[in-house]
Amino acid sequence: EWLLGDHAGWGELNAKLDGFEASAEEEVGNRLFYFAVPPNVFAETGEAISATSMSKTGFSRMIVEKPFGRDTDSCRAILASLGKHFDESDLFRIDHYLGKEMVQNLMVMRFGNIWMENMWNRNCVQCITLTFKEPFGTEGRGGYFDQYGIIRDIIQNHLLQVMCLLTMECPNKLDGPEAGEKIRDEKVRVLESMRPVALDDVFLGQYEGYTDDPTITNKDSNCPTFAAVSCTIDNPRWSGVPIIFKAGKALNERKAEMRVQFRDAPAASVLFGGADVPRNELVIKLQPSESIYLKSNIKTPGFGSLPIQSELEVKYDTRYFDASGTSGSSAMCNPDAYSRLILDVLRGRSASFVRSDELIRAWEIFTPVLDQIERENVRPVKYRAGTRGPDGMDEWINGKSGYVRNDDYRWHDGFLRKGSA
């Protein structure tokens, strides 16, 4: 065993790599290093690799895991510690949400279908909601989690990255060697159009029993395990459209999804004799089962004529993959996010990785309110584990977003069921 910054230890590894590359009789020896280490040792690890273990004949690329700091200043420090030793093109900051099948599907779905462009703007969209739910708490990770909270752990990175792909303008390249930088340029433009989050735009919760975790030393912790955050994108496409991030632990289910609710159909209630005509919604489920469905209104079957809501649906996991995640050909397998992203690194594809200016701008949006929550000891609303979240959460979100829920609709394997969803 040796320390991460030990030049002698890395030198021994380098000698073994040199020997392996020589025995393989390959002209090019490429190397990939995965930084699954705490941020406080990024600098010494990077310095040691740079000094001793870089490939002499091929690429040397670094995959770096989050957290990338806990605020703007610490993020800048981490970026600088690695930037001293490696070029930005050799650094791949991994966010596994960007490797999920349904997130990677966004490029084709948005820019490969003519019907989406005309409705994908403030004239048609009422609100956008990005949701992450886990049915378990910290479970022994409380000591780590208590230093970060749900906003830093999920919203500021995973959900924000997905939102950028969902709302960005179309780059002039979506595939090929130039696509990575062009896609990331458009993501940065979205982030630059967002104002820093204010305290009034945040609803915080904490599940009962959170501080019973023995790894949490501060038994009066105000660390949020649930948060809803309201944002806007101040550009011509999205001006005035509320963006809601919602994430929580110890909730009633495991789920991650994107949900776009569209505006009311013009004059619909008049046309249909005063009947309620539910709003259309496009829902893209990331987990646990990948699917896409568009909630659409149809005539009540039989002798009825009133509108009811059903869905146009593609169940991605069963439509294309069998129970093992494959369809019998390599072209149709459904790899996990990390497998997909590591292959992208080996191929030099950067589109699904987070660039340094993206990181800094993301922290600039959230750092002021995170500092205020800690400085003013803002208390989260308590909620029972296994529920949908804190009391008042739905009313707060609906007030911020203008979202209208259709209580007569329930998505369940394509069947319409009356009753509360």
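Everything discussed here concerns the structure shown above.
Bear in mind the structure is a predicted one, so any value in this text is a computation, not a measurement.

J.: For this particular structure, what's the right way to read the side chain of Q261?
T.: Relative to the elements of secondary structure, Q261 occurs in strand β8 (residues 255–262). In this structure Q261 comes out as buried when scored by relative accessible area, which is 1%. Within the local environment of Q261, its side chain forms a polar contact with the backbone oxygen of V404, the two atoms lying 2.8 Å apart. Apart from residues no more than four positions distant in its own chain, Q261 is found in contact with V125, Q126, C127, R279, N280, E281, G402, Y403 and V404.

J.: I'm lost on the sheet that holds strand β4 (residues 125–133) in this one. Help?
T.: In a beta sheet, neighbouring strands pair by backbone hydrogen bonds and run either parallel or antiparallel. Strand order across the open sheet formed by nine strands is β11-β10-β9-β8-β4-β7-β6-β5-β12, with mixed pairing between neighbours. Every other strand in the sheet has two partners, leaving β11 (307–315) and β12 (381–383) as the edge strands with one partner each. When the angles between neighbouring strand axes are averaged without regard to direction, this sheet yields 20 degrees. The sheet contacts of helix α14 (residues 393–401) involve β4, β5 (202–207), β6 (226–231) and β7 (243–248), and relative to β6 the element is tilted by about 10 degrees.

J.: It is not clear to me how the packing of aromatic side chains should be interpreted in this structure. Could you clarify?
T.: Enumeration over the complete set of coordinates arrives at 11 aromatic pairs. The interplanar angle of 70 degrees and the centroid separation of 6.1 Å between the aromatic rings of F226 and Y383 together place this pair among those described as edge-to-face. You can see F226 sitting in strand β6 and its partner Y383 sitting in strand β12, a full 157 residues away along the chain. Since its relative accessible area comes to 1%, F226 is described here as buried. An aromatic cluster is present here, built from F145, Y207, Y210, F226 and Y383 joined pairwise through their rings. A cation sits over an aromatic face here: R61 above F59, 3.7 Å from the ring centre. The positively charged end of K100 is found above the aromatic ring belonging to Y97, 5.0 Å away from the centroid.

J.: Would you explain the pairing of strand β10 (residues 291–299) in this entry?
T.: Within a regular strand, the side chains alternate between the two sheet faces. Relative to β10, strand β9 (residues 281–287) is paired through five bridges, and the arrangement is antiparallel. Bridge pairing links V283 to Y293 in β10. Here β9 folds back onto β10, and the loop between the two strands holds three residues. Here β10 runs beside β11; their pairing, made up of nine bridges, is antiparallel. Its bridge partner being in β11, N297 is matched across the sheet by Q309.

J.: Teacher, can you tell me more about the nonpolar core here?
T.: Side chains of a nonpolar character, in soluble globular proteins, are inclined to be buried together. Membership of the largest hydrophobic core comes to 95 residues, with the highest contact counts inside it found for F35, I151, M163, F245 and L282. With residues near it in sequence (within four places) discarded, F35 still touches F42, T45, G46, I49, M62, I63, V64, E65, L82 and F86.

J.: What's the story with the sheet that holds strand β3 (residues 91–93) in this structure? I'm lost.
T.: The strand order across the open sheet formed by three strands is β1-β2-β3, and the pairing between neighbours is parallel. The two strands at the open ends of the sheet, each matched to only one other strand, are β1 (31–35) and β3. This sheet shows a mean twist of 20 degrees between the axes of neighbouring strands, independent of strand direction. Across three bridges, the pairing between strand β2 (residues 60–64) and β3 is parallel. From the neighbouring strand, V64 faces β3, where its bridge partner is R93.

J.: Even after reading the chapter, I still don't get the layout of surface pockets, so can you show me in this structure?
T.: Gaps left between atoms are located by rolling a probe of water-molecule size over the structure's atoms. One number sums up the size of the largest pocket: a volume of about 1,100 Å³. Mapped onto the lining of the largest pocket, the elements with two or more residues apiece are β3, α4 (101–104), α5 (106–111), α9 (179–192), α11 (316–320) and α12 (337–347). With six residues, α9 is the largest single contributor of residues to the lining of the largest pocket.

J.: Quick question: what am I supposed to make of helix α3 (residues 72–83) here?
T.: It helps to recall that an α-helix has 3.6 residues per turn; residues three or four apart then point in one direction. Helix length check: α3, at 12 residues, gives a terminal C-alpha distance of 16 Å against a target of 16 Å (1.5 Å per residue), a fit within 8%. Within α3 the residues assigned to the buried category are T72, C75, I78, L79, S81 and L82. Buried residues belonging to α3 abut β1, α2 (42–52), β2, β3 and α13 (356–375). One side-chain oxygen at the N-terminal end of α3 lies 3.4 Å from the backbone nitrogen of D73; it belongs to D71.

J.: Hey, could you run me through a nonpolar patch on the surface in this one?
T.: Residues L32, L343 and L346 make up a contiguous nonpolar surface patch of roughly 230 Å² in combined accessible area. Inspection of the secondary structure assignment puts L343 in helix α12.

J.: What should I look at first to understand the environment of E21 in this one?
T.: Checked against the element boundaries, E21 lands in helix α1 (residues 7–23). A relative accessible area of 16% means that E21 is categorised as buried. Not counting chain neighbours up to four residues away, the residues in contact with E21 comprise E26, G29, N30 and R31.

J.: Even after reading the chapter, I still don't get the pairing of β7, so can you show me in this structure?
T.: Extensive coverage of β7 is indicated by the burial of six of its six residues. Here β4 runs beside β7; their pairing, made up of six bridges, is parallel. Across the sheet, K133 pairs through a bridge with G248, a residue of β7. By the bridge criterion, six bridges tie β6 to β7 in an arrangement that is antiparallel. When the sheet's bridge partners are listed, A228 is paired in β7 with K246.

Criteria and cut-off values
- Residue positions are given per chain, counted from 1 along the sequence in the order it is written.
- Per-residue local features are limited, in this predicted model, to residues with pLDDT of at least 70; the limit for side-chain atom pairs, both in listing and counting, is 80 or more; totals at the level of whole chains, interfaces and linings are taken over all residues.
- To obtain the side-chain values, all non-hydrogen atoms of the structure were included, while hydrogens and water were left out.
- A run of DSSP states H or I qualifies as a helix once it reaches four residues; a run of E qualifies as a strand once it reaches two. Both are numbered from the N-terminal end.
- Each residue gets one of three labels from its accessible area relative to the maximum for its type: buried under 20%, exposed over 50%, partly exposed in between, using a 1.4 Å probe on protein chains only.
- Here a polar contact means two N or O atoms within 3.5 Å. Within protein one must be a hydrogen donor candidate and the other an acceptor candidate, and residues neighboring in sequence count only if both atoms are side-chain atoms.
- Contact between two residues is taken to exist if any of their heavy atoms lie within 4.5 Å; hydrogens are not considered.
- Two strands are counted as paired when DSSP detects at least two bridges linking them.
- Lines fitted to C-alpha atoms define the axes, with helix axes restricted to the stretch in contact, and inter-axis angles between N-to-C directions lie between 0 and 180 degrees.
- Classification of ring pairs uses Phe, Tyr and Trp, with its six-membered ring standing for Trp, and accepts pairs whose centres are within 6.5 Å; under 30 degrees between planes counts as stacked, over 60 as edge-to-face, and the remaining range as tilted.
- Any Lys NZ or Arg CZ found within 6 Å of a ring centre and within 35 degrees of that ring's normal is scored as a charge over the ring.
- We call a set of buried Ala, Val, Leu, Ile, Met, Phe, Trp, Tyr and Cys residues a nonpolar core when their side-chain atoms join them within 4.5 Å.
- Space inside and on the surface of the protein is sampled on a 1 Å grid over the protein atoms alone, with a cavity defined as a set of points where a 1.4 Å probe fits but cannot get out and a pocket as an open set with protein on both sides within 12 Å along at least 5 of 7 lines; lining residues have an atom within 4 Å of a point.
- Grid points are joined across faces, edges and corners, and a volume is the space filled by probe spheres set on the points.
- Here the expected span of a helix is defined as 1.5 Å times the quantity of residues minus one.
- Each patch is assembled from residues with relative accessible area greater than 30% and no salt bridge, linking like charges that lie within 9 Å and nonpolar side chains (Val, Leu, Ile, Met, Phe, Trp, Tyr) that lie within 5 Å.
- Here, Shrake-Rupley sampling with a 1.4 Å probe gives the accessible areas, and only protein chains in the shown set may cover a residue.
- What counts as a salt bridge is simple: a side-chain nitrogen of Lys or Arg found within 4 Å of a carboxyl oxygen of Asp or Glu.

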